[in-house]
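Structural description and commentary
The chain contents come next:
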Amino acid sequence: MLNRLIQALEWKKVRMVLRYAVYMILVMLLQSVLFSRLSIFGAKGFIIPAAAVAAGIYLGGVRGAVFGIFLGLFTDMAFSETTVLFTVLFPLIGFGAGFASEFYINKSFFAFMIFSMAAILLCSIVQLVHALLGGGTELLPGLLTALLQTVLSIPPVMLLYLPFKEGGAMNHSY
């Protein structure tokens, strides 16, 4: 009987990991197919940090960080400009959102949007600093692009909230 319980628990974990993997692939696909092609005044939307925020808020800090590591690895592989930038940033974002949701904020849509906007702005600023250090841009145009990227990312980020909220991600305990 105990053996069956352990086997059922393992399949539950496998299904949960597969669900998050599909979510990650869909977010990456949406980013690369749609948002990498749409440009307004040279800025493109960047929704991937919001997936790390959603994982952190609904899975907790540690699981959000683990999700962020994998999300960051795949994002760094997809973008030729970065090497380990997102692999470092996304776990921090996932953990930070998870820690805040466990102790300081509620798991509401408003909190998700505020954290997502802050995460996208953080990624934009870190990308700007990376470009400034590399000599590839000037401060004022880069700052305007970072702000515009954040503003352009707000409407589509709303799509990333429901899969975690309605998917019952927080109900899976292991």
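Reference entry: report on the structure contained in this document. (Residues numbered from 1 in each chain as written. Predicted model: local features only at pLDDT ≥ 70, side-chain atom pairs only at ≥ 80, totals over all residues. Heavy atoms only, no water.)

**Considering the overall build of the chain**
Within the chain, the regular secondary structure consists of seven helices and zero strands. What you see in the chain, going N to C, is helices and strands ordered as α-α-α-α-α-α-α. A burial count over the chain gives 40% of its 174 residues as buried. Relative to all contacts within the chain whose residues are 6 or more apart in sequence, the contacts with residues 24 or more apart total 72%. Accessible surface, the chain as shown: approximately 10,000 Å² in total, 73% of it carbon and sulfur. (Helix = DSSP H or I, 4+ residues; strand = E, 2+ residues; numbered from the N terminus. Buried < 20%, exposed > 50% of the residue type's maximum accessible area, 1.4 Å probe, protein only. Contact = heavy atoms within 4.5 Å. Areas by Shrake-Rupley, 256 points an atom, 1.4 Å probe, with all protein chains shown as cover.)

**Some details on the packing of helix α2 (residues 48-59) against helix α4 (residues 85-103)**
Relative orientation of the contacting elements α2 and α4 amounts to 40°, with a least axis distance of 7 Å. Judged on the interaxial angle alone, α4 and α2 are oblique. You can see that α2 and α4 cross each other, and the crossing is right-handed. Here I48, P49, A52, V53, G56 and I57 of α2 lie close against α4, whose contacting residues are F90, I93, G94, A97, G98 and S101. In the contact of α2 with α4, the residues fall into eight nonpolar, four polar and no charged. (Axes fitted to C-alpha atoms, helices over the stretch in contact; angles between N-to-C directions. Parallel < 35°, antiparallel > 145°, perpendicular 65-115°, else oblique. Left-handed = near helix turned anticlockwise from the far one by under 90°. Nonpolar A, V, L, I, M, F, W, Y, C, P; charged D, E, K, R; others polar.)

**Concerning the nonpolar core**
If you look at the biggest cluster of nonpolar residues, it comprises 33 residues, and the most contacted ones within it are F67, L71, F90 and F112. In terms of residue count, the dominant contributor to this core is α2 (ten residues). Once residues within four sequence positions are removed from consideration, F67 is found in contact with Y20, Y23, M24, A51, A52 and A55. (Core = buried A, V, L, I, M, F, W, Y, C linked by side-chain atoms within 4.5 Å.)

**Brief notes about the side chain of S116**
Considering the arrangement of structural elements, one finds S116 in helix α5 (residues 109-134). In this structure S116 touches A50, V53 and V157, once residues within four positions along its chain are discounted.

**Regarding α4**
For α4, spanning 19 residues, the distance from its first C-alpha to its last is 27 Å, which sits close to the expected 27 Å at 1.5 Å a residue. Among the residues making up α4, those that are buried are L85, F86, T87, L89, F90, P91, I93, G94, A97, G98, A100 and S101. On its buried side, α4 packs onto α2, α3 (61-78) and α5. (Expected span 1.5 Å × (residues − 1).)

**Notes on the packing of aromatic side chains**
Considering all chains together, one arrives at three aromatic pairs under this definition. Measuring from centroid to centroid gives 6.1 Å for F95 and F99, while their planes differ by 25°, and the two rings are stacked. A residue pair is termed a helical-turn pair when its members lie 3 or 4 positions apart in one helix, as F95 and F99 do in helix α4 at four residues. Residue classification places F99 among the partly exposed positions, given a relative accessible area of 36%. Grouping aromatic residues by their ring pairs yields a cluster made of F95, F99 and Y104. (Phe/Tyr/Trp six-rings, centres within 6.5 Å; stacked < 30°, edge-to-face > 60°.)

**With respect to the environment of L159**
Note on placement: L159 falls in the loop between α6 (139-157) and α7 (161-166). Residues L159 and A50, spaced 109 residues apart in sequence, show a C-alpha to C-alpha distance of 9.8 Å.

**Side note on the packing of α2 against α3**
Where α2 contacts α3, the two axes come as close as 7 Å, and the packing angle between them is 160°. With respect to their mutual orientation, α2 and α3 come out roughly antiparallel. As for the relative orientation of α2 and α3, their crossing is right-handed in sense. Across the interface between the two elements, I48, A51, A52, A55, G56 and L59 of α2 pack against G61, R63, G64, F67, L71 and T75 of α3. Here the contact of α2 with α3 is composed, by residue class, of seven nonpolar, four polar and one charged.

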